[in-house]
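# Summary of the model geometry
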Amino acid sequence: MSASANIPADTLLDWFADTARDLPWRRPECTAWGVLVSEVMLQQTPVNRVEPIWRDWLERWPTPSSTAAATQGEVLRAWGKLGYPRRALRLHAAARAIAEDHDDVVPSDVDTLLALPGIGAYTARAVAAFAYGQAVPVVDTNVRRVVARAVHGAADAGPPSTTRDLRDAEALLPRERAATYSAALMELGALVCVARTPRCADCPVLATCRWQRAGRPAHDGPVKAAQKFAGTDRQVRGRLLDVLRGTTEPVEKAVLDLAWSDAGQRDRCLHSLLVDGLVEQTRDGLFALPGEH
DNA sequence: AACTCGTGGGG
DNA sequence: TCCCCAAGAGT
């Protein structure tokens, strides 16, 4: 039996047509730049938090060149509290590269997309598929989970392996409407075949799911360590950057010192923000978002 | 290959 | 409350 038999295209596509969320970056009038921006914003970030930021962003900067003309600080402010603000700088750098090297046209070729900052294995194929309709496999955390269950009969995906994950997804792709099929796989993982408590009763491919057929066995592999946040450098960096997002003028270090009590960790994090280009120091020793002073 | 990098909602 | 985890990328 072929792998695709576990997730039949017609069944999944019908379900998608009936159930899919009406997300703005899925609309036919959405530009390739709009798709690219959405994919970067959606990296590790829930849809409902992305949507308003995405709308504001595209209204303000509808093209790569208009984004490239903004300062890094403006881009970081527009990014707001989406998280992982280095993504905003990479998106800005990608916009510059597209404007300068690609005539302001988002590339459609996966390898060209992969060469852009902040565009990895997932995002490059997502743009190629969703903006240009290419029949390339698109593998995100949802697809990995759906494939693990429906095809491999396992409760959860194993450790990511780009080569193996792409091969698995490639085997599923139908000849027709491959890009929509990929969007549907992701949607299934996002709405039904979710991580914690899958809604199998609502699943369109329940009849062919190997995990279901096997009696939905529990995850057997090693349990991955829970990611901490409180007290980490990530939290401290977030606090520091939030101070600078909230001010128009550069601030003295004493202002940043209020953001975290542990001086050693605070200074280490401020240094790493400077190294990452998320913070700049002015000539007179004040601190600000980059590119604004 | 394992770690780091933000943020906030829901179970 | 705490903990999981959400359309990953870069090193």
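Keep in mind that what you see is a predicted model, and the values were worked out from it rather than measured.

### Description of the protein's contact with DNA strand B
Residues in close proximity to DNA strand B total 16 residues, the closest being R49, P85, F229, R237 and G238. Q44 is positioned with one of its backbone polar atoms (N or O) 3.3 Å from a base nitrogen of DNA strand B. Residue R86 places a side-chain N or O atom 2.9 Å away from a sugar or linking oxygen belonging to DNA strand B. Of all the elements, helix α13 (residues 233-245) adds the most residues to the surface near DNA strand B, at 5 residues. Considering only residue class, the surface near DNA strand B consists of 4 nonpolar, 4 polar and 8 charged.

### As for the protein's contact with DNA strand C
Around DNA strand C sit 28 residues in total, of which E39, G118, T123, D140 and A226 are the nearest. Among all atoms of DNA strand C positioned within 4 Å of the protein, those belonging to sugar or phosphate total 64%. E39 places a side-chain nitrogen or oxygen 3.3 Å from a base nitrogen of DNA strand C. Between DNA strand C and R145 there is a distance of 3.5 Å, counted from a phosphate oxygen to a side-chain nitrogen or oxygen. For the surface near DNA strand C, the elements supplying multiple residues, two or more each, are α8 (121-130), α9 (141-150) and α11 (178-191). A per-class count over the surface near DNA strand C returns 13 nonpolar, 8 polar and 7 charged.

### A word on unusual backbone geometry
A positive phi angle is found at Y84, which is not glycine, with a value near 45°. Following the sequence through the fold, Y84 ends up in the loop between α5 (72-79) and α6 (86-101). For Y84, a relative accessible area of 41% puts it in the partly exposed group. The backbone of D103 sits at a positive phi, close to 60°, despite the residue not being glycine. With relative accessibility at 66%, the residue D103 sits in the exposed group.

### Here's the deal with the side chain of R145
Its place among the elements puts R145 in helix α9. Once you skip the residues sitting within four places of it in the chain, R145 turns out to touch A157, G189, C193, V194 and A195.

### Looking at helix α1 (residues 9-19)
For α1, the complete set of buried residues consists of L12, L13, W15 and F16. For α1, the angular spread of the buried residues around the axis is 160°, confining them to a single face. α1 presents D10, D14, A17 and D18 as exposed residues on the side facing more than 90 degrees away from its buried surface. The secondary structure elements touched by the buried residues of α1 are α11.

### Focus on the UniProt feature "domain: HhH-GPD" (unreviewed entry) in chain A
According to UniProt, the feature "domain: HhH-GPD" (unreviewed entry) maps to residues 41-191 in the numbering used here. Secondary structure content for residues 41-191 is 62% helix and 0% strand, while the C-alpha to C-alpha distance between its ends is 19 Å.

### A closer look at the pattern of salt bridges
A full pass over the atoms with the stated rule returns 16 salt bridges. The salt bridge partner of E74 is R60, with a shortest N-O separation of 3.9 Å. Of this pair, E74 sits in helix α5 while R60 sits in helix α3 (residues 47-60), and the two are 14 residues apart along the sequence. Linking K253 and D267 is a salt bridge whose minimum nitrogen-to-oxygen distance equals 3.0 Å. Of this pair, K253 sits in helix α14 (residues 253-257) while D267 sits in helix α15 (residues 263-276), and the two are 14 residues apart along the sequence. For K253, a relative accessible area of 30% puts it in the partly exposed group. Taken together, the salt bridges that share partners define one network made up of K253, D257, R266 and D267.

### Comments concerning the nonpolar core
Residues I7, W33, L36, M41, W57, L113 and L188 are the most contacted members of the largest nonpolar core, which totals 87 residues. Top contributing element to this core by residue count: α11, with 8 residues. Those residues in contact with M41 that sit more than four places away from it in its chain are V50, I53, W54, W57, W79, L82 and R87.

### Section: the packing of aromatic side chains
As enumerated under the stated definition, the model contains 3 aromatic pairs in all. Here W25 and W54 contribute two aromatic rings whose centre-to-centre distance is 5.5 Å and whose plane-to-plane angle is 75°, an arrangement assigned as edge-to-face. Pair noted here: W25 is in the loop between α1 and α2 (32-41) and W54 is in helix α3, with a separation of 29 residues, a long-range link. The two residues W25 and W54 agree in class, both being buried. Each ring, one from W57 and one from W79, has its centre 6.1 Å from the other, and the planes form 80°; the classification is edge-to-face. With W57 in helix α3 and W79 in helix α5, the pair connects residues that are 22 residues apart, well separated along the chain. A relative accessible area of 1% means that W57 is categorised as buried. Connected via pairs of aromatic rings, a cluster forms that spans W57, W61 and W79.

Definitions and limits used
- Residues numbered from 1 in each chain as written.
- Chains lettered and ligands numbered in written order.
- Predicted model: local features only at pLDDT ≥ 70, side-chain atom pairs only at ≥ 80, totals over all residues.
- Heavy atoms only, no water.
- Near = heavy atom within 4 Å.
- Polar contact = N/O pair within 3.5 Å; in protein donor to acceptor, adjacent residues only side chain to side chain.
- Helix = DSSP H or I, 4+ residues; strand = E, 2+ residues; numbered from the N terminus.
- Nonpolar A, V, L, I, M, F, W, Y, C, P; charged D, E, K, R; others polar.
- Buried < 20%, exposed > 50% of the residue type's maximum accessible area, 1.4 Å probe, protein only.
- Contact = heavy atoms within 4.5 Å.
- Arc of directions from axis to C-beta.
- UniProt positions renumbered as here; feature names shortened; annotations may be inferred.
- Salt bridge = Lys/Arg side-chain N within 4 Å of Asp/Glu carboxyl O.
- Core = buried A, V, L, I, M, F, W, Y, C linked by side-chain atoms within 4.5 Å.
- Phe/Tyr/Trp six-rings, centres within 6.5 Å; stacked < 30°, edge-to-face > 60°.

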